[in-house]
Amino acid sequence: MNGKQLACVLLMMLIGLVTYVGQIVHKKATASRNEAKAAEDAAKAAEDACQIAKIKTQRIDVDSAEIRRFLEAWTPKIDSFQTAQEVEDAVQSSIRAAKLYVDSQKFEGRSPKAGLVVAKTVKASIIAEDEYPKTMNWLGELEKKLPLARISVCRITPGKETKNIRMEISLEVPIINLKADPTEKKKA
């Protein structure tokens, strides 16, 4: 082979090598562009998901604002009665404060299923006989002292004396555990 042919072969090999390297670089550049595009798409999707989550959070905040205000207002009352003894003491102190004549009083605790927010209820049955205004004022004070109480029975009949009334009252006071997980029942 002469010098021109050798130079031509070397030139062809160099052109082939440059073409081959160019193809490899082109493939890598295309792959990098595709990865960048995929990363941009993923970032955009994540940003959109973040915006949707923020909107949902704001909607939940707005929807639950009234419930949260209610809970904040009632939490001190709920926390003030956490045992059956506290409920019994509150009822008896209201009777003593009103100087009400009580024929009978009975307290019993009931435990609903475990894991619920209402851990226990205390049922109080009271029969009192005294003057009408005194008895009715006592009932009003009892409702102020135990605002969560549910009166299930309230019978008012004439008393033995003309100015007196006889009041049979049965009320249930829930003992609420705000720290309880309401989903525990579902898990069990």
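Residues numbered from 1 in each chain as written. Predicted model: local features only at pLDDT ≥ 70, side-chain atom pairs only at ≥ 80, totals over all residues. Heavy atoms only, no water.

Draft legend 1. Here's a closer look at the packing of aromatic side chains. The tally for this structure, following the rule as stated, stands at one aromatic pair. Relative to Trp-74, the ring of Phe-70 lies with its centre 5.9 Å away and its plane at 40°, an arrangement referred to as tilted. Residue Phe-70 and its partner Trp-74 are located together in helix H1 (residues 3–80), separated by four residues, close to a single helical turn. (Phe/Tyr/Trp six-rings, centres within 6.5 Å; stacked < 30°, edge-to-face > 60°. Helix = DSSP H or I, 4+ residues; strand = E, 2+ residues; numbered from the N terminus.)

Draft legend 2. Local environment of helix H3 (residues 132–145). Spanning 14 residues, H3 covers 20 Å between terminal C-alpha atoms, matching the ideal 20 Å at 1.5 Å per step. Of all the residues in H3, the buried ones are Thr-135, Trp-138, Leu-139 and Leu-142. End-on view of H3: buried residues confined to an arc of 100°, all on one side of the axis. For H3, the exposed residues set more than 90 degrees away from the buried face come down to Asn-137 and Lys-144. (Expected span 1.5 Å × (residues − 1). Buried < 20%, exposed > 50% of the residue type's maximum accessible area, 1.4 Å probe, protein only. Arc of directions from axis to C-beta.)

Draft legend 3. Main features of H1. An ideal rise of 1.5 Å per residue puts 116 Å on 78 residues; H1 measures up with 107 Å between its terminal C-alpha atoms. Along H1, the largest kink reaches about 50° and is centred on Ser-64. The opening residue of H1, the one whose side-chain oxygen lies 3.1 Å from the backbone nitrogen of Lys-4, is Asn-2. (Bend = angle between axes of the 7 residues up to and from the residue. Polar contact = N/O pair within 3.5 Å; in protein donor to acceptor, adjacent residues only side chain to side chain.)

Draft legend 4. Just the environment of Ile-52, in detail. Inspection of the secondary structure puts Ile-52 in helix H1. Judged by relative accessible area, which is 46%, Ile-52 ranks as partly exposed. The spacing of Ile-52 and Ala-39 is 13 residues in sequence and 20 Å in space, taken between C-alpha atoms.

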